[in-house]
Amino acid sequence: MVHDIQPSATVARLLLGHELHQLRVERRLTLQTVASAHYLSVSKLSRIETGRHRAAPADISRLIDFYDAPRATRERLLQWAVQAMGRSSYHSFADVTDAALRDYLDMEPSGLRAVYAPGVIPAVLRTRRYAGEVLATAGEAERERRLWLLALRQQRFAQLVHRPVRVLLAESALTCRIGGPEVMREQEARLREAESLGVEVAVLPSAVAARVAPGGAFALVVLGDALLTMTVSEEPGGALRIAPDRDGRTAGRFESLWHAAAADSAGVAA
């Protein structure tokens, strides 16, 4: 429960924004009403609530007072507000990561719960050789830097991950043969060892994936002892989009895909 006790700056920022959003909604106040009362722009308040802006603790204190939040809530939010002012744990890798990826990397170790990967093996389960082939088009210096980042990411994942994590692969992730047979054999052996990391792996056959799983990769990250679930999805250009899964739609979609893979496996076994 590392992040639930002392969340990273990124996680604190997201939890803080979520709680402020909940306080406003519970009081049936609009963004415009609250923003006007505090001389804020609606867009800035919206960014605070979605965790995309690091607000000063003094601003957060005024919002909490405006919502007349209970004392325990006030203390928790002010603690998060102070923690949210820090930098990403991966700030030193800004040369090979953008802000969205750094946010995800901060959430991943203790928050990752589910991943759907239709094209390639997820980073936390890649071998170094497989990862090197994925990065084949990058320059040598950049590739080595990214592989160093991968090693750190995998180390933190192994130490901090809340088990179990479910990884659903589309069959194409195993049949695309990145790097050739030897690289893939090594990678498939790593997947068979995933259980030792607390990772459950299932495969969605290509025919089923084409019918029920259009779209790209996505992940579900649970923060604050199940207080907030975030969806991390891959845009067509490869950029990450991070947003709250407030209606549970993405979590429901993953459950459907996971059960579809299990049903297919049961049918094959029968």
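A short tour of the structure in this document, coming up. Predicted model, so just to flag it, every value in this text is computed and none were measured.

1. Describing the packing of aromatic side chains
All told, the structure shown has 6 aromatic pairs when counted by the stated rule. Seen from their ring centres, Phe93 and Trp148 are 5.8 Å apart, and the 75 degrees between their planes marks the pair as edge-to-face. Here Phe93 is found in the loop between α6 (71-83) and α7 (99-111), whereas its partner Trp148 is found in helix α9 (residues 140-160), with 55 residues between them in sequence. Judged by relative accessible area, Phe93 falls into the buried class, the value being 4%. Look at Trp148 and you get exposed, because its relative accessible area is 55%. Measuring from centroid to centroid gives 5.8 Å for Tyr116 and Phe218, while their planes differ by 45 degrees, and the two rings are tilted. Of this pair, Tyr116 sits in strand β1 (residues 112-117) while Phe218 sits in strand β4 (residues 218-223), and the two are 102 residues apart along the sequence. By relative accessible area, Phe218 is classed as buried at 5%. Cluster of aromatic residues (ring-pair linked, three or more members): Tyr116, Phe218, Phe254 and Trp258.

2. Some words on the pattern of salt bridges
Scanning the entire structure with this criterion turns up 16 salt bridges. Its salt-bridge partner being Glu19, residue Arg76 comes within 2.5 Å of it at the nearest N-O pair. Taken as a pair, Arg76 in helix α6 and Glu19 in helix α2 (residues 9-26) lie far apart in primary sequence, 57 residues in all. Arg76 sits in the partly exposed class, given a relative accessible area of 31%. Its salt-bridge partner being Arg145, residue Asp95 comes within 2.9 Å of it at the nearest N-O pair. One end of the pair, Asp95, is in the loop between α6 and α7; the other, Arg145, is in helix α9, and 50 residues separate them in sequence. In this structure Asp95 comes out as exposed when scored by relative accessible area, which is 53%. Connected through salt bridges with shared partners, the residues Arg129, Glu182 and Glu186 form a single ionic network.

3. Description of the pairing of strand β6 (residues 240-244)
As judged from the 5 bridges shared by strand β5 (residues 228-234) and β6, these two strands associate in the antiparallel manner. Of the residues in β6, the one forming a bridge with Glu234 is Leu240. Here β5 hands over to β6 after 5 residues, with Gly238 in that stretch at a positive phi of 100 degrees.

4. Observations concerning the layout of surface pockets
Here the largest pocket is characterised by a volume of approximately 920 Å³. Along the wall of the largest pocket there are 34 residues; nearest its centre are Leu101, Ala123, Arg126, Arg153 and Glu234. Secondary-structure elements contributing two or more residues to the lining of the largest pocket are α7, β1, α8 (128-134), α9, β4 and β5. Across the lining of the largest pocket, the residue classes tally to 23 nonpolar, 5 polar and 6 charged. Roughly 410 Å³ of volume is contained in the second largest pocket. The set of elements that each furnish at least two residues to the lining of the second largest pocket consists of α2, α7 and β6. Broken down by element, the residue count for the lining of the second largest pocket peaks at 5 residues, all from α7. Class assignment for the residues of the lining of the second largest pocket results in 9 nonpolar, 6 polar and 6 charged.

Cut-offs used in this document
Residues numbered from 1 in each chain as written. Predicted model: local features only at pLDDT ≥ 70, side-chain atom pairs only at ≥ 80, totals over all residues. Heavy atoms only, no water. Phe/Tyr/Trp six-rings, centres within 6.5 Å; stacked < 30°, edge-to-face > 60°. Helix = DSSP H or I, 4+ residues; strand = E, 2+ residues; numbered from the N terminus. Buried < 20%, exposed > 50% of the residue type's maximum accessible area, 1.4 Å probe, protein only. Salt bridge = Lys/Arg side-chain N within 4 Å of Asp/Glu carboxyl O. Pairing = 2+ DSSP bridges. 1 Å grid on protein atoms, 1.4 Å probe; cavity = no way out; pocket = protein on both sides within 12 Å on 5 of 7 lines; lining within 4 Å. Points joined across faces, edges and corners; volume = space filled by probe spheres on them. Nonpolar A, V, L, I, M, F, W, Y, C, P; charged D, E, K, R; others polar.

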